[in-house]
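Architecture and fold: a report
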Amino acid sequence: MKNNYIIANWKMNPGTVREAGTLVTKIAKSVRTQKNATVVIAPPSIYLYSLQKILGKKIQLGAQDCHFESEGAHTGELSPRMLKNAGVSYVILGHSERRTGGETSLEVNSKIKAALKVGLVPIVCIGEQLRDATHQYLGFLETQIKETFVGIPLTSFSKIFIAYEPLWAIGAQATREATPEESTEMVIFIKRVLADMYTAKVAESVRFLYGGSVHPENAQLFLIHGGVHGLLVGRDSLNLKKFTKIIEITNGLN
Ligand code: PGA
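Residues numbered from 1 in each chain as written. Predicted model: local features only at pLDDT ≥ 70, side-chain atom pairs only at ≥ 80, totals over all residues. Heavy atoms only, no water.

Re the overall build of the chain
Looking only at helices and strands, the chain features 10 helices and 8 strands. The C-alpha radius of gyration computed for the chain amounts to 17 Å, which stays within 12% of the reference 18 Å derived for 254 residues, consistent with globular compactness. Sequence separation of 24 or more characterises 72% of the internal contacts of the chain that already satisfy a separation of 6 or more. Accessible surface, the chain as shown: approximately 12000 Å² in total, 54% of it carbon and sulfur. One finds the centroid of the 29 positive side-chain charges in the chain at a distance of 11 Å from the centroid of its 22 negative side-chain charges. (Helix = DSSP H or I, 4+ residues; strand = E, 2+ residues; numbered from the N terminus. Rg over C-alpha atoms; globule rule 2.2 N^0.38 Å. Contact = heavy atoms within 4.5 Å. Areas by Shrake-Rupley, 256 points an atom, 1.4 Å probe, with all protein chains shown as cover. Lys, Arg positive; Asp, Glu negative; His and termini not counted. Charge placed at Lys NZ, Arg CZ, Asp CG, Glu CD.)

Given below as structure tokens:
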């Protein structure tokens, strides 16, 4: 039986811890009986502690970023160890909104290594800004993958998720939705680059997610035809009805 992962990236939402608590309580209630989906919620870090207490058994916690040092003079940052200590199991790294804000692939690389060291599961985002007719975006992606995954221990790849998230398909300003076929193509492409860097076996050990305008109407298509083990959901993870529908669809797939 294939277990699919549904990861909620709440970004800088909702506005209060009370709203976050209400949403988690309702999601926890609706997933109580589901078996075939692993549900991870990545809220703003300041909510982690209080949400941890009301998660229930079926939901796991994710963070949206971490620093690569375990402690020190890094104002405003959180270390992987601190997150682990707060009950976090997963950490989203290299999200396009952070990369657009200046985070480099080499920084993401250090963060992956640091997260792995304390046993956090890295969810590493990869994606191109634009698609051009001459396929230059593939060269951009190749560089991004090579820099992001340089020097990772071979046995660690089975613990990593790579989320393919094309920037043009993310958020309310998306130019269009990606297709499951495009997701499959990119998973194959990413695996090819990893196989060149390491081995085919290493590339096959990675689990993939698709993210970018996932909603109840396209979730099943991506899960069946997108070549992935799950979905990274932004906007619709804040909408109780839509998010629980996505989980229900995932649960009914097997
Ligand atoms: P979206 O965001 O689902 O709102 O497009 C996805 C993401 O940024 O991870």
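Read on for the rest.
What to know about the site of the ligand
Residues in contact with the ligand, as listed here, are Asn9, Lys11, His95, Glu165, Ile170, Gly171, Gly212, Ser213, Leu232, Gly234 and Arg235. Here Gly234 contributes a backbone N or O atom positioned 2.9 Å from an oxygen atom of the ligand. Summarising the interface, the protein chains cover 99% of the accessible area of the ligand, which totals 280 Å² for the free molecule. A class-by-class count of the residues in the shell around the ligand yields 2 nonpolar, 6 polar and 3 charged. (Near = heavy atom within 4 Å. Polar contact = N/O pair within 3.5 Å; in protein donor to acceptor, adjacent residues only side chain to side chain. Nonpolar A, V, L, I, M, F, W, Y, C, P; charged D, E, K, R; others polar.)

Things to note about helix H9 (residues 216-225)
In an α-helix, one full turn covers 3.6 residues, which means residues spaced three or four apart are oriented alike. Those residues of H9 lying buried are Pro216, Asn218, Ala219, Phe222 and Leu223. Within H9, the buried residues cover an arc of 150 degrees as seen down the axis, which keeps them to one side. Packed against the buried residues of H9 are strand S1 (4-9), helix H7 (180-197), strand S7 (207-211), strand S8 (230-233) and helix H10 (240-251). A positive phi of about 70 degrees marks Gly227, the residue just after H9. (Buried < 20%, exposed > 50% of the residue type's maximum accessible area, 1.4 Å probe, protein only. Arc of directions from axis to C-beta.)

Looking at the sheet that holds strand S5 (residues 121-126)
The parallel closed barrel is built from 8 strands, whose spatial order is S1-S2-S3-S4-S5-S6-S7-S8. Averaged over neighbouring strand pairs, the angle between their axes works out to 25 degrees when direction is ignored. Strand direction decides the pairing type here: S1 and S8, joined by 4 bridges, are parallel. Paired with Ile6 across the bridge in S8 is Leu231. (Pairing = 2+ DSSP bridges. Axes fitted to C-alpha atoms, helices over the stretch in contact; angles between N-to-C directions.)

Quick look at the environment of Asn36
When you line up the elements, Asn36 lands in the loop between helix H1 (17-30) and strand S2 (37-42). By relative accessible area, Asn36 is classed as buried at 14%. Asn36 sits 215 residues away from Asn251 along the chain, and the two C-alpha atoms are 5.0 Å apart.

Quick look at unusual backbone geometry
Cis peptide bonds are those with omega within 30 degrees of zero, and the linkage from Asn13 to Pro14 qualifies with -10 degrees. Mapping Pro14 onto the fold places it in the loop between S1 and H1. Despite not being glycine, His135 shows a phi value in the positive range, around 60 degrees. With respect to the helices and strands, the residue His135 is situated in the loop between S5 and helix H6 (136-148).

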